[in-house]
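# Chains, contacts and geometry: an overview
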Amino acid sequence: MRLLGKEEIENIAIGAALLGTGGGGDPYIGKLMALQAIEEHGPIRLLDPEEVPDDALIVPSAMMGAPTVMIEKVPNGEEAIAAFKSLEEYLGKEIYATMPIEAGGINSLLPLALAATLGLPVIDADGMGRAFPELQMVTFYLEGVSATPMVLSDEKKNSLLLNTIDSVWAERIARTATIEMGGSVMLAIYPMEGRVVKQSAIKNILSLEEKIGAEIRAAKKENENPVDRILGLTAGRVLFQGKVTDINRKTQDGFAKGTATIEGLNDNKNEECKLHFQNEHLLAQVDGRTVCVTPDLITVLDSDTGMPITTEGLRYGSRCTVIGMPCDPKWRTEKGIEVTGPRYFGYDLDFQPLEELHLVKEEI
Amino acid sequence: MASYRIGIDVGGTHTDAVLLDEAYNVISEVKATTTEDVSSGIYQALKRVVAASGVPVEQIHYAMLGTTHCTNAIVERKRLNKVAAIRIGAPATTAIKPLVGVPDDLRSILGKHLYIVRGGNEFDGREIVPLDEERIREIAEELKGQVDSIAITSVFSPVSTQHETRAGEIVREVLGDEVAVSLSSEIGSVGLLERENATILNAAIVDVATSTANGFIKALEQEGIHADIFFGQNDGTLMSVEYTVKYPILTIACGPTNSLRGAAYLTDHPDALVVDVGGTTTDVGVLVASFPRQSSLAVEIGGVRTNFRMPDIASIGLGGGTIITLNEDGSFQIGPESVGYRLIEKGLVFGGDTLTTTDVAVALGIADLGDPSLVSHLDKEVLKKVYTKMVDMAEETIDKMKTSSDPVPVILVGGGSILFPTELKGASKVIKPENSGVANAIGSAISQVSGQIEKIFKTDELGREETLALAKKMAFDEAIQAGADPDDLVIVDLEEVPLSYLPGNATKIRVKAAGGLLSERKLTGAAPL
């Protein structure tokens, strides 16, 4: 167990943006909520997964809906509490701790704000190790953990308890309800026992985010480029360096889909990188050759500052470094690839691990 | 009867003024020193430019001012209004109170009267809850005699202004016109905290703007000039005095914008990179269809995160007064310190004791200024290295702002533009227009009037084409309201950003229309513009 104060929150927010792989929502709101909660209630207890009793009830917390709504209709902090109380009452058992289901983006910070307010500990783990757009895209799902019973709560004090036959149905119904409830709700979801967390979660992800954030900030202070330090922490590699020359976006089925074209600079001179995104970056190709694909992580960094750039923040002329990072091994299983691999997102190609794609390039 | 106009632009070092005829020919131009109070520098420049022109004052019909008064007030935390901030959004939004994340010193000045009231809208325009009008009235009563300016920010006011407008009405009913009211929907876009911050800052500088405007009107009157007065805003267009004192925050960063606009006009290049070399910094911006490219990132003003439009400018510490340090081992350092406006007493070629970038350019025969014999003793080889590095710095910044590796025209303006050569890497050509030293003041004088809207539309309802047509019409209406000639309007910017996880293909659309001024004189048929 250790304590997370304001400094740690600042670092985690930067790491969360990086693992957001271009999506996941700007962690800024979540950061301010966590900072205000720490100011009012004191620091947060962070538990290593191994410290959690096997039979303890663990309930992850997350927002569902459009990040654009949340940056305008900021939560009041009671939504997540209401969802927790409601689920606790339904299950007839006290919740021992919370955790994020999604390390990337805003959902990494919101459980911290909740934990500070309720005085609950947070487990140093999540269900994605990155950001993904749908509820069933968590490692808990791969292990057969049900998303329900789950509770959705809005700021108007509406609450909805869902029991569905599987997580895909939970995603469908919750998504529709979210729109009616105002486009952004808080969830108490994937209730599970401590032993299940140990088995199915991606561990020590908040600590990783904190380290990433600390390195980026330290590099900034020392006027250094943090990219190498980031790669060291994440076993990642540079996929491409260049300048964004074209962005093509459209909304389809509620997703911000699109392609960014990046013209090569430095080692990539005379090459062209295409980044395909659906909220998150999912596929990177250089001159038609795949260099990284979901569920492996693709993140775009500002070449000068090393700060992550979201898909919305990408614009003509951005000088960027595209990095690839291997996903958690849980995603590289048959079921993991079925749920989050390229074909699920409509790309007609097979998943190949980042390391192998890189080998292919070196052989050529 | 001939018709003239004056453009004035206040920079960090110089206050520049130009007087143009109706065909925008430069009749006279002056550079005055920017003074600490800003205003006396403006009056100096005004007096001198009129005197130098020999134009009869009754033929000066327009006066445009781009000034730093408002920026300075925020950065220096001085002369700020006593403000109250009312956020309409409860039961939502209370997890982050107003001004959280704003630097403490500013928070202690502006955060004395903060309220969160029930109300606000959903992303699709529905009410979250009805507006608590009672509470707004109570707050207004409480604030009697306590504040002189109120910022009102309602959740999703960029989608529906209803609650914000109603709250403004109630506040005015109780407090009358003495208290200024700033509505967030007029200032920023989606993003509650950033828009709220910008609105609070706006409320805080209302008095500064009013006294600046009054001072300018008085100064003109003292010269016997009875002109229509406009202020430059940071998107390269003008606003009336009435609008300026309501929305003074829009004047922030109008300086770099004016340079860009002036450069476009002077060279007839609507798409180009503009390098504005001042005394202390070099600012590089991008012209797209004669307007500055806007920054897509949250912009900090005085340490406060805001989200209103700002020109996208890359700035480096390299200007005409930048100090060069030569070390004994042959190495050197360029800036970032600068002698600024004191170049003419400190620079070596002017008989001073400090080696500056200007001295380097003169010694190498690139610029012809001051007394070259005063720098002839310096080691040319070392100076060449310094100069190469200076050019490198500029070229690197140019490259960063480009949208592709294709060479683009580069326009050099500003007093320090004499430092740079006529060839630069990445430039298809380098243009140094005549009067480039006062491009900013010219930009101020020739500005157009614009209207901009930024809203979330559900494109499924009307279809994309009709939605865009509606958005354009709204922008036109805004521009006409701001004083533009309806017959002269064009769309100068259009951006669609689809929003994820929302139904109906919700899309954020930003449209800007701009056109020439519809003058009082045109209306009365007295003198065509």
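Residues numbered from 1 in each chain as written. Chains lettered and ligands numbered in written order. Predicted model: local features only at pLDDT ≥ 70, side-chain atom pairs only at ≥ 80, totals over all residues.

### Here's the deal with the overall build of chain A
Counting secondary structure elements, chain A contains 12 helices and 20 strands. In terms of overall size, chain A behaves like a compact globule, its C-alpha atoms giving a radius of gyration of 20 Å where 364 residues would be expected to give roughly 21 Å. Taken along the three principal axes of its C-alpha coordinates, chain A extends 60 × 45 × 35 Å. Looking at chain A as a whole, 58% of its 364 residues are labelled buried. Long-range pairs, those at least 24 residues apart, make up 75% of the contacts in chain A with a sequence separation of at least 6. (Helix = DSSP H or I, 4+ residues; strand = E, 2+ residues; numbered from the N terminus. Rg over C-alpha atoms; globule rule 2.2 N^0.38 Å. Buried ≥ 20, exposed ≤ 12 C-beta atoms within 10 Å, placed from the backbone. Contact = placed C-beta atoms within 7 Å.)

### Focus on the overall build of chain B
Regarding its fold elements, chain B presents 16 helices and 23 strands. In terms of overall dimensions, chain B is globule-like: its C-alpha atoms have a radius of gyration of 24 Å, near the 24 Å expected for 529 residues. Along the first, second and third principal axes, the C-alpha set of chain B runs to 80 × 60 × 50 Å. The 529 residues of chain B split such that 54% are buried. Contacts in chain B between residues at least 24 apart in sequence constitute 67% of all its contacts with a sequence separation of at least 6.

### Side note on the domain arrangement of chain A
Residue and element names in this part refer to chain A. One can read the domain layout of chain A as domain 1 (2-205) and domain 2 (225-363). Of the residues lining the interface, 20 residues belong to domain 1; the matching set on domain 2 comes to 22 residues. Listing elements by their share of the side of domain 1 that touches domain 2, those giving two or more residues are helix H1 (6-19) and helix H6 (139-142). Of the residues contributing to the side of domain 1 that touches domain 2, the split by class is 10 nonpolar, eight polar and two charged. (Domains from an automatic or database assignment. Nonpolar A, V, L, I, M, F, W, Y, C, P; charged D, E, K, R; others polar.)

### Concerning the pairing of strand E17 (residues 322-326) of chain B
All names here are of chain B. Relative to strand E18 (residues 332-338), E17 runs antiparallel, the two sharing four bridges. What sits directly across from Thr325, in E18, is Gln333. In sequence, E17 turns back onto E18 through a hairpin of five residues, with Gly330 there showing a positive phi of about 90 degrees. (Pairing = 2+ DSSP bridges.)

### Description of helix H13 (residues 439-446) of chain B
Within H13 of chain B, eight of the eight residues are buried, which leaves it mostly tucked inside the rest of the structure. Listed as buried for H13 of chain B are Ala439, Asn440, Ala441, Ile442, Gly443, Ser444, Ala445 and Ile446 of chain B.

### Quick notes on the UniProt feature "domain: S-Me-THD N-terminal" (unreviewed entry) in chain A
Cross-referencing UniProt, the feature "domain: S-Me-THD N-terminal" (unreviewed entry) maps to residues 8-163 of chain A in the present numbering. Helix makes up 38% of residues 8-163 of chain A and strand 17%, and the two end C-alpha atoms of the span are 36 Å apart. (UniProt positions renumbered as here; feature names shortened; annotations may be inferred.)

### As for the interface of chain B and chain A
Listed per partner, the contact involves 35 residues of chain B and 36 residues of chain A. Sorting the residues of the side of chain B that touches chain A by element identifies helix H6 (192-204), helix H12 (380-401) and strand E22 (490-498) of chain B as the ones contributing at least two each.

### Re the sheet that holds strand E6 (residues 122-123) of chain A
All names here are of chain A. Sheet architecture is open: three strands sit in the order E1-E2-E6, paired in mixed fashion. The sheet terminates laterally at strand E1 (2-4) and E6, the two strands that pair on one side only. For E1 and strand E2 (residues 44-47), the ladder comprises three bridges, and the chain directions are antiparallel. Along E2, the bridge assignment pairs Leu3 with Arg45.

### Regarding the UniProt feature "domain: Hydantoinase/oxoprolinase N-terminal" (unreviewed entry) in chain B
Residues annotated by UniProt as "domain: Hydantoinase/oxoprolinase N-terminal" (unreviewed entry) correspond here to residues 5-174 of chain B. A distance of 41 Å separates the end C-alpha atoms of residues 5-174 of chain B, which is 31% helix and 28% strand.

### So, the nonpolar core
With 277 residues, the main nonpolar core has Val322 of chain A together with Ile150 and Ile205 of chain B as its most contacted residues. Not counting chain neighbours up to four residues away, the residues in contact with Ile205 of chain B comprise Cys70, Ala73, Ile74, Leu80, Pro248 and Ile249 of chain B. (Core = buried A, V, L, I, M, F, W, Y, C linked by C-beta atoms within 7 Å.)

### Quick look at the domain arrangement of chain B
Interface size is often expressed as the accessible area that is lost when the parts come together. All names here are of chain B. We note that the domain assignment places domain 1 (1-78 + 207-252), domain 2 (81-204) and domain 3 (447-524) within chain B. For domain 1 versus domain 2, the distance between C-alpha centres works out to 32 Å. Every contact between the two is made by six residues of domain 1 and, on the other side, nine residues of domain 2. Within the side of domain 1 that touches domain 2, the residues separate by chemical class into four nonpolar, no polar and two charged.

### Details of unusual backbone geometry
Across the chain, the bulk of peptide bonds are trans and the bulk of non-glycine residues have phi less than zero. Residue and element names in this part refer to chain A. Note that the residue after Thr148, namely Pro149, is joined by a cis bond; omega there is 0 degrees. Here Pro149 is to be found in the loop between H6 and strand E8 (150-153). Across the junction of Thr294 and Pro295, the peptide omega takes the value 10 degrees, indicating a cis bond. As for its placement among the helices and strands, Pro295 is situated in the loop between strand E17 (289-293) and strand E18 (297-302). A positive phi angle is found at Asn266, which is not glycine, with a value near 55 degrees. Note that Asn266 resides in the loop between strand E14 (255-264) and strand E15 (272-278). Residue class for Asn266 comes out exposed when judged on the 11 C-beta atoms lying within 10 Å of it.

### Observations concerning the packing of H1 of chain A against helix H9 (residues 205-221) of chain A
All names here are of chain A. Contact pair H1 / H9: the axes reach a minimum separation of 6 Å and the direction vectors enclose 100 degrees. Between H1 and H9, the angle is such that the two are roughly perpendicular. Contact residues: H1 offers Glu8, Glu10, Asn11, Ile12, Ala13, Ile14, Gly15, Ala16, Leu18 and Leu19, while H9 offers Leu206, Leu208, Glu209, Glu210, Ile212, Gly213, Ala214, Ile216 and Arg217. Split into classes, the residues belonging to the contact of H1 with H9 amount to 11 nonpolar, three polar and five charged. (Axes fitted to C-alpha atoms, helices over the stretch in contact; angles between N-to-C directions. Parallel < 35°, antiparallel > 145°, perpendicular 65-115°, else oblique.)

### What to know about helix H4 (residues 133-142) of chain B
Residues and elements named next belong to chain B. By the burial criterion, the buried members of H4 are Ile136, Ile139 and Ala140. Projected down its long axis, H4 carries its buried residues within an arc of 100 degrees, all on one side. Along H4, the residues that are exposed and aim more than 90 degrees away from the buried face are Glu134 and Glu141. (Arc of directions from axis to C-beta.)

### Section: the sheet that holds E8 of chain A
Residues and elements named next belong to chain A. Taken in spatial order, the four strands make up an open sheet running E4-E10-E8-E9, and their pairing is antiparallel. Of all the strands in the sheet, just strand E4 (61-65) and strand E9 (159-162) have a single pairing partner and so form its edges. Neighbour-to-neighbour, the strand axes of the sheet open up by a mean angle of 25 degrees, direction not taken into account. With five bridges connecting them, E4 and strand E10 (residues 184-188) associate as antiparallel partners. Counted as the bridge partner of Met63 is Met186 from E10.

### Concerning the packing of helix H2 (residues 69-76) of chain B against helix H7 (residues 206-222) of chain B
Residue and element names in this part refer to chain B. Contact geometry for H2 and H7: axes closest at 9 Å, N-to-C directions at 145 degrees. Seen from above, H2 lies across H7 with right-handed handedness. Residue-level contacts link His69, Cys70 and Ala73 of H2 to Val208, Ala209 and Thr212 of H7. For the contact of H2 with H7, a count of residues per class yields four nonpolar, two polar and no charged. (Left-handed = near helix turned anticlockwise from the far one by under 90°.)

### Notes on the environment of Gly306 of chain A
All names here are of chain A. One can find Gly306 in the loop between E18 and strand E19 (308-309). Along the chain, Gly306 and Leu18 lie 288 residues apart, while their C-alpha atoms are 9.6 Å from each other. Sequence-distant contacts of Gly306, that is, excluding residues within four places in its chain, are made with Ile216, Ala219, Asn225, Pro226, Val227, Ile230 and Leu301.

### Let's talk about the confidence of the model for chain B
Residue and element names in this part refer to chain B. Mean pLDDT over chain B stands at 88; residues scoring 70 or higher make up 96%. By mean pLDDT, helix H16 (residues 520-524) is the weakest element of chain B at 41, and strand E7 (residues 149-154) is the strongest at 98. In this model residues 520-529 is a low-confidence stretch, pLDDT under 50, and it forms 14 contacts with partners more than four residues away in sequence or in other chains. Across the assembled chains, the prediction reports ipTM 0.85 with pTM 0.84. (pLDDT = per-residue confidence, 0-100.)

### Overview of the environment of Tyr344 of chain A
All names here are of chain A. As for its position among the elements, Tyr344 is in the loop between helix H11 (334-340) and helix H12 (354-363). As for Tyr344 and Thr294, which are separated by 50 residues in sequence, their C-alpha atoms are 9.7 Å apart. In contact with Tyr344, other than residues within four places in its own chain, are Glu338 and Val339.

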